[in-house]
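One letter stands for each residue in the lines below.
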Amino acid sequence: MNPSLAVIFLTLFSGSGFGLMAMIAVINDLPIDGGLSPTRTAVLVGVALLLVTIGMISSTAHLANPKNAWRAFTRWRTSWLAREGVFAVLFYPLAAADLGWTFFQNTAHGAVALLLTNAAAAIGLITIFCQGMIYACLRTIRQWHTPLVPANFFVLGLAVGATIAASARLLSGGPATALIAIAVTLFLAAAILKAIYYFWIGRPTGTTLQTATGFNRGKVRLLDQGHTFGTFLTHEFSNQISARAAQRFKIAVYLVGFATPAAILILGLHAPLGAWALVAPLAALTGIGIERYLFFVEAQHVVNLYHGRTPAAMPMMPASLKTRADVTQRPLVPSYEKR
Amino acid sequence: MRLGLVIDLDTCVGCHACATACKEWNTSAITAPLSDYDPYGREPSGVWFNRVRHYEIGEYPNNKTINFPMSCMHCENAECVTVCPTGASYKRPEDGIVLVDQDKCMGCNYCSWACPYGARELDRESGTMKKCTLCVDRIYDESLPEEERQPACVLACPAHARLFGDLEDAQSAVSRVVRERGGYALMPELNYQPTNQYLPPRTRPAIPTHDLGRGSLARKVKEWVNRVVER
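In this report, we go over the structure that sits alongside the text. Here the structure is a predicted model, which means the values were calculated and not measured. Think of each chain on its own: its residues are numbered from 1, step by step along the sequence as written. Here the convention is simple: chains get letters from A, ligands get numbers from 1, in the order in which they are written. Residues qualify for local features only when their pLDDT is at least 70, as the model is predicted, and side-chain atom pairs are given and counted only at 80 or more; totals for whole chains, interfaces and linings, by contrast, use all residues. As a rule here, side-chain values cover all heavy atoms of the structure and leave hydrogens and water aside.

1. Regarding the nonpolar core
Inside soluble globular proteins, nonpolar side chains tend to come together where they are buried.
Then, number 1: One finds Tyr-135, Trp-144 and Tyr-306 of chain A together with Phe-68 and Tyr-117 of chain B to be the most contacted residues of the largest nonpolar core, which totals 155 residues.
Then, number 2: The way it works is that DSSP assigns letters per residue, a run of H or I at least four long becomes a helix, a run of E at least two long becomes a strand, and they are numbered from the N terminus. Tallying contributions element by element places helix H1 (residues 5-29) of chain A first for this core, with 13 residues.
Then, number 3: Sequence-distant contacts of Tyr-306 of chain A, that is, excluding residues within four places in its chain, are made with Leu-209, Ala-212, Thr-213 and Leu-222 of chain A together with Arg-53, Tyr-55, Phe-68, Met-70, Pro-116, Tyr-117, Leu-186 and Met-187 of chain B.
Then, number 4: What is meant by a nonpolar core is a set of buried Ala, Val, Leu, Ile, Met, Phe, Trp, Tyr and Cys residues, joined one to another through side-chain atoms within 4.5 Å. Only protein chains enter the accessibility calculation, which uses a 1.4 Å probe; a residue is then buried when its area is under 20% of its type maximum, exposed when over 50%, and partly exposed in between. Within the second largest apolar cluster, 6 residues are counted, among which are Val-6, Leu-167, Val-177 and Val-178 of chain B. Residues count as neighbours in contact if any of their non-hydrogen atoms are within 4.5 Å of one another.

2. Some words on the interface of chain B and chain A
Then, number 1: Each partner contributes residues to the interface: chain B has 61 residues there, and chain A has 60 residues.
Then, number 2: Between chain B and chain A, the buried area comes to about 4,900 Å², and carbon and sulfur atoms account for 58% of it.
Then, number 3: Of all residues in chain B, the largest losses of buried area upon contact with chain A belong to Tyr-55, Met-106 and Trp-113 of chain B, amounting jointly to 16% of the total for that side.
Then, number 4: Salt bridge, as used here, is a side-chain nitrogen of Lys or Arg placed within 4 Å of a carboxyl oxygen of Asp or Glu. Where chain B packs against chain A, one counts 3 salt bridges.
Then, number 5: Residue Glu-79 of chain B pairs with Arg-139 of chain A through a salt bridge whose shortest N-O separation is 2.1 Å. Buried surface area refers to the total accessible area, computed with a probe of radius 1.4 Å, that the two partners give up upon joining, counted for both partners together.

3. Let's talk about the pairing of strand S4 (residues 51-59) of chain B
On any regular strand, side chains alternate: one points to one face of the sheet, the next to the other face.
Then, number 1: Of all 9 residues making up S4 of chain B, 8 are buried, and the element is well covered by its neighbours.
Then, number 2: Two strands pair when backbone bridges link them, and strand S1 (residues 220-224) of chain A and S4 of chain B are joined in this way by 4 bridges, in the antiparallel orientation. Each residue of the ladder has a partner; that of Leu-222 of chain A, found in S4 of chain B, is Tyr-55 of chain B.
Then, number 3: Here 9 bridges tie S4 of chain B to strand S5 (residues 62-70) of chain B, and the two strands are oriented antiparallel to one another. By the bridge assignment for S5 of chain B, Tyr-55 of chain B is matched with Ile-66 of chain B.
Then, number 4: Hairpin connection from S4 of chain B to S5 of chain B: 2 residues lie between these consecutive antiparallel strands. Paired strands, in this sense, are two strands between which DSSP finds at least two bridges.

4. Topic: the packing of helix H2 (residues 38-60) of chain A against helix H5 (residues 148-172) of chain A
Two quantities define a packed helix pair, namely the angle between the helix axes and the distance between the axes.
Residue and element names in this part refer to chain A.
Then, number 1: All axes here are fitted lines through C-alpha atoms, helices being fitted over the stretch that makes contact, and every angle between N-to-C directions spans 0 to 180 degrees. Put simply, H2 and H5 touch, their axes get as near as 12 Å, and they point 140 degrees apart. Taken together, the axes of H2 and H5 lie oblique to each other. Here H2 and H5 pass one another in a crossing that is right-handed. Facing Arg-40, Leu-44, Val-47 and Leu-51 of H2, the residues of H5 in contact are Ile-164, Ala-165, Ala-168, Arg-169 and Ser-172. Angles are sorted into four bins: roughly parallel if under 35 degrees, roughly antiparallel if over 145, roughly perpendicular if 65 to 115, and oblique for all others. For any helix crossing, the convention is left-handed if the near helix is rotated counterclockwise from the far helix by under a right angle, and right-handed if that rotation is clockwise.

5. Regarding the environment of Val-47 of chain A
All names here are of chain A.
Then, number 1: Note on placement: Val-47 falls in helix H2.
Then, number 2: Sequence separation of Val-47 and Leu-114 is 67 residues, and the distance between their C-alpha atoms is 18 Å.
Then, number 3: Once residues within four sequence positions are removed from consideration, Val-47 is found in contact with Leu-20 and Ile-164.

6. Side note on a nonpolar patch on the surface
Then, number 1: On the surface, Leu-217, Val-221, Trp-224, Val-225, Val-228 and Val-229 of chain B cluster together into a nonpolar patch covering about 590 Å² of accessible area.
Then, number 2: Structurally, the position occupied by Val-228 of chain B is in helix H7 (residues 217-228). In this scheme, patches are assembled from residues that exceed 30% relative accessible area and form no salt bridge. Like charges are connected within 9 Å, while nonpolar side chains (Val, Leu, Ile, Met, Phe, Trp, Tyr) are connected within 5 Å. Under the convention used here, a 1.4 Å probe and the Shrake-Rupley method define accessible areas, while residue burial counts only the protein chains that appear.

7. Some details on helix H6 (residues 177-200) of chain A
In an α-helix there are 3.6 residues to a turn, and that puts residues three or four apart on one side.
Residues and elements named next belong to chain A.
Then, number 1: What a helix should span is 1.5 Å times the count of its residues minus one. Helix length check: H6 (24 residues) gives 35 Å between terminal C-alpha atoms against 34 Å at 1.5 Å per residue, within 8%.
Then, number 2: Buried within H6 we find Leu-179, Ile-180, Ala-183, Leu-186, Phe-187, Ala-190, Ala-191, Leu-193, Lys-194, Tyr-197 and Tyr-198.
Then, number 3: Elements that come into contact with the buried residues of H6 comprise H1, H5, helix H9 (243-270) and helix H10 (279-297).

8. So, the sheet that holds S1 of chain A
Then, number 1: Overall, antiparallel pairing links the 3 strands, which are arranged S1(A)-S4(B)-S5(B) in an open sheet. Strands at the two margins of the open sheet, each flanked by one partner only, are S1 of chain A together with S5 of chain B. Averaged over all adjacent pairs, the angle separating strand axes in this sheet is 30 degrees, with direction ignored.

9. Some thoughts on the state of the cysteines
Then, number 1: A pair of sulfur atoms, both from cysteines and within 2.5 Å, is called a disulfide here. A full pass over the atoms with the stated rule returns 0 disulfides over all chains.
Then, number 2: Just so you know, Cys-137 of chain A is unpaired, no disulfide at all, and the nearest cysteine sulfur is the one on Cys-130 of chain A, 11 Å from it.

10. Description of the sheet that holds strand S11 (residues 197-199) of chain B
Residue and element names in this part refer to chain B.
Then, number 1: The strand order across the open sheet built from 3 strands is S10-S1-S11, with neighbouring strands paired in mixed fashion. A single partner strand is all that each edge strand has here, and the edge strands are strand S10 (162-166) and S11. Between one strand and the next, the sheet's axes are offset by a mean angle of 25 degrees, whatever the strand orientation.
Then, number 2: Pairing analysis gives 5 bridges linking strand S1 (residues 3-8) to S10, with the strands arranged antiparallel. Bridge pairing links Leu-3 to Asp-166 in S10.
Then, number 3: Across the sheet, helix H6 (residues 173-181) is in contact with S1, S10 and S11; its angle to S10 comes to roughly 120 degrees.

11. Section: the packing of H1 of chain A against H10 of chain A
All names here are of chain A.
Then, number 1: Remark: H1 packs on H10, axes separated minimally by 9 Å, with the N-to-C direction vectors making an angle of 135 degrees. With respect to their mutual orientation, H1 and H10 come out oblique. Read as a crossing pair, H1 and H10 show a hand that is right-handed. Facing Val-7, Ile-8, Thr-11, Leu-12, Phe-13 and Ser-16 of H1, the residues of H10 in contact are Leu-285, Ile-288, Gly-289, Arg-292, Tyr-293 and Phe-296.
Then, number 2: Taken together, the residues of the contact of H1 with H10 sort by class into 8 nonpolar, 3 polar and 1 charged. Gly is put with the polar residues, along with every residue not named as nonpolar or charged; the nonpolar set is Ala, Val, Leu, Ile, Met, Phe, Trp, Tyr, Cys and Pro, and the charged set is Asp, Glu, Lys and Arg.

Structure, rendered in structure tokens:
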């Protein structure tokens, strides 16, 4: 799939914003490490709103005809994309009311404040689920058609949210042990889930060029794709990445996205970090941005079969499968937008 | 009614006449125009509703070239319609044709992700998704003679490899030919239940070549000259 920056930023930033909102609710509900003061609650809700807004604005850059974007809320009965839009828009009044109430009433633990925080957090979590289901409901892209996708979105969004909350606590001072423990646990969970996902997508799929053309008993080979230059289909679906590059990116995801922020937070428990604590959320966002890039570029749409790309020739396949004699790896024509 | 196409892979010669006739009709039809990018340049590209690919089936000497035209399958279970957030994509209940309302589409590409057959293409000029309309503006046009009320690709095909009709009616010509020739749908495992069906090549015995004689002296000279003389 085409790793469009607009969609990468949408899922990355809005997921982080919703995750932060959920963490604020958890921290103030229990309360963890004494909860957040009204001012700090208001500031963090503001950061969550900012992250969600960055995501929403960048998503409109993905639309070829944004003047009709308002119609995207109408088909919520069938479309996960419409549901995501509806819940993302519902999030705004709740989060804004929460921000206003905690700031002007100067309370973060009153009944109304907690109610608003939890309502906004619940809507945010539902929006993350809808975002995951946008990808997971597509049977045409096997790497996305799995419950692991919404699960990954949840754990990564919550991990970034917890990192922001913990590093804000490190910056402003106060007890941070439980906050940091939560963030590190979430990074551990993210690492395990992503490992399951990365091993899972390496297995071959059921759909082949044989079932795609109906010639199930013979070998099928592309002779000519009928066009001399790229098309919309090759532009949108033909992106891929070499196995070696994918492996390097995955190591970067683990080092930059998971290990670095966890290490910085643990370090912050033992030594004063000052503004350096902000490196933790930045590293997490960078690493998870790489994770999101891989999520798109490794996804192979079944239409690529018609252009001669066999599942076994796809980059995430183990080398033993890739060297099979019946696998023809033929480069697709270059993207028509890369002039 | 379930209107659709039946493609005969036995007779398709891969001439791309269906694709060009489609482009010609639809560039001034209801979802017009089908924009071209750099049409006379080195990297021509653009919107097409019908694309013909060519495959080799089997291995030499038991192999065969199959020309493979593909357009929208007008699926019964059209997920391009269910995933559309704006309601621009819709499937007509009366005849099963899947269409895109150009006034509602916001160009998010999501329907093209949901389509396994590559039937949908974004027009960069208008910013909207476009697809095969089954020439909905031809097949019901009563000002045309009745035999011309068919999709442009069907009328253009010189090999009669494309048939148009109602696949729900068991007695229609298309339903009968699908039954008799063992017509099939593409990627049945994805369960999109495409309306369009493909007829497999007829099985004929291969023309034997191993028992050909050595030939006359004149033929041998001719073959030798053919080898030596550079064309």
